[in-house]
Amino acid sequence: MDGTNHGNQVFGTQNADGMNFGSGSTTVNKGPVPPEPSVAPSAGRHARRGTLADAVVITAIASEYAAVAAHLTGPFEEHGESGTLYRIGTLAGERRSRRVALAQVGPGNVDAGVSLERARTAFAPEVVLFVGVAGGVKDVRLGDVVVADAIYDYETGKEDAEDFRSRAKTAAPSHAAVQRAMDVVFRQEWPERVLTDRLPQPPRAFVKPVASGNKVVADRDALTAERLRKHCGDAVAVEMEGYGFLRSAYLSPGADSLVIRGVSDLLSGKDEDSDTLWQPVAAAHAAAFAAAFLDLFGSEG
């Protein structure tokens with residue numbers, strides 16, 4: 001999410017045996033032993049923990065959640081994990097079908113980090129994505145998609161009466177996920193999955209650095225915008241959840257991770273009307289890229 005006031009949030013949720021007793025030559029049979037419970041639908045090595053989904057998509061706000069949900073079909077299930085509610089549906093791709101768990105967790109790096117660990121506990125997924133919108137900083141236009149190959153925590157630093165000395169930290173997605181994202185960009189197939197009206201200029205996709213913090217950067221002359229240019233000069237977008245999400249992935253490895261953003265506003269000309277118009281468009285573009293990525297990613301891709 002890019003940090004604007006995004007209105008109401010939506011969540012989606014869910015989720016004998018016969019015995020033989022023996023002593024010496026005497027056996028008491030209490031009835032037939034039933035078969036082991038079947039494992040819920042999942043893929044590959046992840047079936048070992050009885051998962052309901054082999055991919056998880058986390059979002060922050062309602063428009064992001066709705067954009068991803070539009071790509072899912074039934075049968076639908078719900079699952080709850082420590083209060084977080086997941087809607088589970090099928091993403092039917094050209095190369096494979098996946099069961100995908102979708103959640104909306106609200107804005108902010110802290111909640112995003114918790115959400116990744118919770119998703120891993122609930123599903124032991126192959127891959128976890130954070131999909132949503134971001135503000136464009138440079139070299140992008142409205143509706144473009146940015147996949148983060150690095151995310152900078154731009155707010156970490158030391159500030160005194162004279163200046164702010166950045167100590168920005170960097171979080172990175174998994175190498176395999178970045179490799180596949182670059183392949184999705186190269187193939188140029190993902191715009192075919194966009195479910196909203198097409199723009200006069202087709203959206204582009206980039207694999208580039210992104211900056212992340214807890215501020216809404218609403219003007220290119222703002223102090224934070226200046227700090228972004230000074231300390232995160234190659235970041236093309238800014239958002240509020242990606243660093244926490246990827247930092248959690250680094251601290252608790254076990255699933256590939258990636259942040260995918262659609263550009264819903266630029267540092268100049270940002271207002272509520274443009275948010276109303278562009279947030280659903282940008283979210284739909286990010287969701288389309290995520291769908292194309294999940295169709296290709298993994299050992300079966």
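It should be noted that the structure appears before, not after, this text.
This is a predicted model, so every value here is computed, not measured.

What counts and what doesn't
Residues numbered from 1 in each chain as written. Predicted model: local features only at pLDDT ≥ 70, side-chain atom pairs only at ≥ 80, totals over all residues. Heavy atoms only, no water. Pairing = 2+ DSSP bridges. Helix = DSSP H or I, 4+ residues; strand = E, 2+ residues; numbered from the N terminus. Axes fitted to C-alpha atoms, helices over the stretch in contact; angles between N-to-C directions. Parallel < 35°, antiparallel > 145°, perpendicular 65-115°, else oblique. Left-handed = near helix turned anticlockwise from the far one by under 90°. Contact = heavy atoms within 4.5 Å. Salt bridge = Lys/Arg side-chain N within 4 Å of Asp/Glu carboxyl O. Buried < 20%, exposed > 50% of the residue type's maximum accessible area, 1.4 Å probe, protein only.

1. Looking at the pairing of strand β5 (residues 84-92)
Next up, step 1: Where strand β4 (residues 73-81) meets β5, six bridges bridge the pair, whose relative direction is antiparallel. When the bridges of β5 are listed, E81 appears paired with T84.
Next up, step 2: Hairpin geometry of β4 and β5 is characterised by an intervening segment of two residues between the two adjacent antiparallel strands and by a positive phi of about 55° at S82.
Next up, step 3: The pairing of β5 with strand β6 (residues 97-104) spans six bridges and is classified as antiparallel. Among the inter-strand pairings, A92 is bridged to a residue of β6, identified as S97.
Next up, step 4: Two successive antiparallel strands, β5 and β6, enclose a turn made up of four residues.

2. Describing the packing of helix α1 (residues 62-69) against helix α6 (residues 272-296)
Next up, step 1: Interaxial distance between α1 and α6 falls to 8 Å at its minimum, and their mutual angle equals 45°. The angle between α1 and α6 falls in the class oblique. Relative to α6, the crossing made by α1 is right-handed. Two secondary-structure elements touch here, α1 through S63, E64, A67 and V68 and α6 through Q279, A283, A284 and A287.

3. A word on the pattern of salt bridges
Next up, step 1: Taken as a whole, this structure holds 15 salt bridges when the rule is applied.
Next up, step 2: Residue E94 is joined to R95 by a salt bridge in which the shortest nitrogen-to-oxygen separation is 4.0 Å.
Next up, step 3: By relative accessible area, which is 65% here, E94 ends up exposed.
Next up, step 4: On the basis of relative accessible area, R95 is assigned to the partly exposed category, the value being 37%.
Next up, step 5: Across the pair D295 and R193 runs a salt bridge, and its minimum N-O distance is 2.7 Å. Of this pair, D295 sits in helix α6 while R193 sits in the loop between α3 (175-187) and β12 (205-212); the two residues are 102 residues apart in sequence, bridging distant segments of the chain. Accessibility classification places D295 together with R193 in one group, the buried group.

In short, shape yes, function no, at least from these values alone.
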